[in-house]
Amino acid sequence: MPDDPTFTAYEKGGYRPKLAIVGSEEHDATLPPLKLYPARLPDPRSIPPRQWLYGTHLIRGYVSVLVSPGGTGKSALAMAIVLELVAGRRLLGNRVFSRVNGAIFNLEDPMEELDRRVAALMIRHQIDRTELEGRLFLHDGEGRGLKLASLDTDGFTVAYPDEQALIEQIRENNIGAVVCDPFAESHSLEENSNPHMVKAAAAWRRVARATGCAVLLVHHVRKGDATGIDAARGAKALTDSARVGLLLTTMTADEAGKFGIPIDDRHQYVRLDDVKRNMAPAGRAAWYRLEQVPLGNGAPGCYPNGDNVAAIAAWQPPDVWKTTSVPDLNVALDRIEAGMEGGGRFTDTRRHPATRWAGQVLIEMFSVTEQQATDLLSAWLKSGVLYREEYFDKSQRKDRTGLRVNALKRPGAR
């Protein structure tokens, strides 16, 4: 190759042009002239379908981003997804469309820690080593690292030191899914710069398209509440560039109340939302539980018990009302319809004295939480099982609003 100043030293081996600066814009000196082409307008039935790999979270040739606060288990989730794809088995509930080789670039932890996490997942989900041998590839944070995008020696131009090498490694090992954890360690650009994050995201997108693999980038959120994809740390260009944006969050206190989970245990439960599509109601979100798995690697002396390592598993929120019999629900409705001693009627709001709140009937009968009782009353009001009616309270000598039961809409009624 000629000694062309538009190429950097490392790019000469891969024959990739360096971006020359023209005015305030970047311009690739080797690109052909800009040209529009007539639309092909093919028969829709002839267009190849999207190549989904894992549910609607990972797709060949595209980049997905998993955003989460620290300590929520995002690394455990990302690793579990790769193991599902490598083993070709559904472990967390999502559909595995194709069994593929997988690679995990964990750029923070040493290989021994990755071994522990893989072992915990294998024990928890009963994965045999023969399902992973020769198909799972790991790269740790103690070696040379991985830099897909960085500033060149001039301190201005963006270079892509490991892009071509990564593409070659993915092709050589026939990798179908790649996790980078965390994304921030795969570049040395300015995280709060949208132009820089466009470049970093574009590098990963080129890797995905050149190899046909699915890429999952694990990313942190800013300090504060993680309520959406915009909570991702740094410039928005990263999440805007992703095909899929996933948000992993710890169970809130309200959700714990809804599901009857002790507040002290709620950090063991996390929910995953595709926030570029929707935020599902808590009862229909994808939920997981972080479980401590003993590795059985105890050493005599000071550390006889060995390691307990978190492994992630699918978790289904309990629905106490689906397991409550129709006759028992109707007994509760009978008590609400009968009203209170002295002729008063129950109410659906806790603003009134606790003795008038109908939720107390449900708590007493079914040992549920206040939130669960509130949710059932709301559902019965919405469906018309319960309705509000004005009545005269003789003991209080005034008009009030209370709950009545519609006999035609009771559970089991035809």
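Scroll up a little and you will see the structure.
Since the structure is predicted, the reported quantities are computational estimates derived from the model, not experimental observations. Within any chain, residue numbers begin from 1 and follow the written order of that chain's sequence. It should be noted that, the model being predicted, local features are given only for residues of pLDDT at least 70 and side-chain atom pairs only at 80 or more, the latter also being counted only at that level, while totals for whole chains, interfaces and linings use all residues. Heavy atoms throughout the structure, all of them, feed into the side-chain values; hydrogens and water do not.

J.: Sorry if this is basic, but what is going on with the overall build of the protein chain here?
T.: Starting at the N terminus, helices and strands are each numbered in turn, a helix being any DSSP run of H or I of at least four residues and a strand any DSSP run of E of at least two. Looking only at helices and strands, one finds 10 helices and 17 strands in the protein chain. A burial count over the protein chain gives 47% of its 414 residues as buried. Contacts in the protein chain between residues at least 24 apart in sequence constitute 62% of all its contacts with a sequence separation of at least 6. Only the protein chains shown count as cover for residues, with accessible areas throughout obtained via the Shrake-Rupley method and a probe of 1.4 Å. Surface accessibility of the protein chain: about 22,100 Å² in total, with carbon and sulfur atoms responsible for 50%. Burial classification: accessible surface area is computed with a 1.4 Å probe over protein chains only, and a residue below 20% of its type maximum counts as buried, one above 50% as exposed, and the rest as partly exposed. Residues count as neighbours in contact if any of their non-hydrogen atoms are within 4.5 Å of one another.

J.: Can you help me understand unusual backbone geometry in this one?
T.: With glycine set apart, most residues show a phi of negative sign, and most peptide bonds adopt trans. The omega torsion across Asp 181 and Pro 182 is -5°, close enough to zero to call that bond cis. Among the secondary structure elements, Pro 182 is positioned in the loop between β10 (175–181) and α5 (194–211). Although it is not a glycine, Asn 174 adopts a positive phi angle of roughly 55°. Along the chain, Asn 174 turns up in the loop between α4 (163–172) and β10. Residue Asn 174 is classed as exposed on the basis of its relative accessible area, which comes to 57%. For Ser 367, which is not glycine, the phi torsion reads 55° and is therefore positive. Among the structural elements, Ser 367 can be located in the loop between α9 (359–366) and α10 (370–383).

J.: What exactly am I supposed to notice about helix α8 (residues 326–338) here?
T.: An α-helix turns once every 3.6 residues. As a result, residues three or four positions apart point the same way. Look at α8: 18 Å from first C-alpha to last across 13 residues, which is about the 18 Å you get at 1.5 Å a residue. If you check which residues of α8 are buried, you get Leu 329, Asn 330, Ala 332, Leu 333 and Ile 336. The buried residues of α8 occupy an angular sector of 155° when projected down its axis, which confines them to one face. Among the exposed residues of α8, those oriented more than 90 degrees off its buried face are Pro 327 and Ala 338. The elements touched by buried residues of α8 are α9, α10, β16 (386–393) and β17 (398–405). In the segment just after α8, Gly 339 is the residue with positive phi, at about 80°. Expected helix span is taken as 1.5 Å per residue step, with the number of steps being one fewer than the number of residues. The arc refers to the directions leading from the helix axis to the C-beta atoms.

J.: For this particular structure, what's the right way to read the nonpolar core?
T.: One broad trend across soluble globular proteins is that nonpolar side chains are buried collectively. Think of a nonpolar core as a cluster: buried Ala, Val, Leu, Ile, Met, Phe, Trp, Tyr and Cys residues, connected wherever their side-chain atoms sit within 4.5 Å. Ranked by internal contacts, the top residues of the largest apolar core, which has 45 residues, are Leu 77, Leu 83, Leu 85, Leu 132 and Ile 312. If one sorts the elements of this core by residue count, helix α2 (residues 74–87) sits on top with 11 residues. If near-sequence neighbours (up to four positions away) are discounted, Leu 83 is found in contact with Val 118, Leu 121, Met 122, Ile 127, Leu 132 and Leu 136. Formed by 37 residues, the second largest nonpolar core is a distinct cluster that contains Trp 204, Ala 235, Leu 238 and Val 275.

J.: Help me out: how do you make sense of the pairing of strand β13 (residues 269–274) in this one?
T.: Regular strands show a simple pattern: their side chains alternate between the two faces of the sheet. Counting buried residues in β13 gives six out of six residues, a clear majority hidden from the surface. The two faces of β13 match: Tyr 269, Arg 271 and Asp 273 on one face and Val 270, Leu 272 and Asp 274 on the other face are all buried. Pairing analysis gives four bridges linking β13 to strand β14 (residues 286–294), with the strands arranged antiparallel. Residue pairing across strands places Arg 271 opposite Trp 287, the latter belonging to β14. If DSSP finds at least two bridges between two strands, the strands pair.

J.: Would you explain the packing of aromatic side chains in this entry?
T.: The description of two aromatic rings rests on the distance between their centres and on the angle between their planes. Two aromatic rings from Phe, Tyr or Trp, using only the six-membered ring of Trp, form a pair when their centres are within 6.5 Å; if the ring planes differ by under 30 degrees the pair is stacked, by over 60 it is edge-to-face, and anything between is tilted. Enumeration according to the criterion identifies five aromatic pairs in this entry. Measuring from ring centre to ring centre gives 5.9 Å for Phe 259 and Trp 315, while their planes differ by 75°; the resulting arrangement is edge-to-face. Placement of Phe 259 in helix α7 (residues 253–259) and of Trp 315 in strand β15 (residues 308–315) is noted, with a sequence separation of 56 residues between them. The same class applies to Phe 259 and to Trp 315, which are both buried. Through pairs of rings, three or more aromatic residues link up here, namely Phe 259, Tyr 269, Trp 287 and Trp 315. We call a charge positioned above a ring when the Lys NZ or Arg CZ atom is no farther than 6 Å from the ring centre and deviates by at most 35 degrees from the ring normal. When the ring centre of Tyr 160 is taken as origin, the NZ or CZ atom of Arg 206, which lies over that ring, is 4.5 Å away. The ring centre of Tyr 62 lies 6.0 Å from the NZ or CZ of Arg 243, which sits over that ring.

J.: Which parts of the structure should I look at to understand the pattern of salt bridges?
T.: Close approach of charged atoms allows side chains of opposite charge to pair. We define a salt bridge as a contact between a side-chain nitrogen of Lys or Arg and a carboxyl oxygen of Asp or Glu at a distance within 4 Å. Across all of its chains, the model carries 23 salt bridges by this definition. Across the pair Arg 124 and Glu 291 runs a salt bridge whose closest N-O atoms are separated by 2.6 Å. Of this pair, Arg 124 sits in helix α3 (residues 111–125) while Glu 291 sits in strand β14, and the two are 167 residues apart along the sequence. Under the relative-accessibility criterion, Arg 124 is labelled partly exposed at 31%. Residue classification places Glu 291 among the buried positions, given a relative accessible area of 18%. The closest approach of N and O atoms between Arg 129 and Glu 133, which form a salt bridge, is 3.0 Å. Using a relative accessible area of 44% as the deciding quantity, one classes Glu 133 as partly exposed. Salt bridges sharing partners connect three or more residues here, namely Asp 109, Glu 112, Glu 113, Arg 116, Arg 117 and Asp 307.

J.: Would you mind going over the packing of α2 against α3 with me for this structure?
T.: If you want to describe how two helices pack, look at the angle between their axes and the distance between the axes. Between α2 and α3, whose axes approach to 10 Å, the crossing angle comes to 65°. Crossing handedness for the pair α2 and α3: right-handed. Here Ser 75, Ala 76, Met 79, Ala 80 and Leu 83 of α2 come into contact with α3, specifically with Leu 114, Arg 117, Val 118, Leu 121 and Met 122. Tallied by class, the residues present in the contact of α2 with α3 amount to eight nonpolar, one polar and one charged. Simply put, an axis is a line fit to the C-alpha atoms, just over the touching stretch for a helix, and the angle between two N-to-C directions goes from 0 to 180 degrees. Each crossing gets its handedness from the near helix: less than a right angle anticlockwise from the far helix is left-handed, clockwise is right-handed. Gly falls in the polar group here, along with every residue not listed as nonpolar (Ala, Val, Leu, Ile, Met, Phe, Trp, Tyr, Cys, Pro) or charged (Asp, Glu, Lys, Arg).

J.: Please explain the environment of Leu 272 as it appears in this structure.
T.: Its place among the elements puts Leu 272 in strand β13. Taking C-alpha positions, Leu 272 is 9.2 Å from Leu 66, a pair spaced 206 residues apart along the chain. In contact with Leu 272, other than residues within four places in its own chain, are His 57, Leu 66, Leu 77, Leu 246, Leu 247, Leu 248, Ala 286 and Tyr 288.

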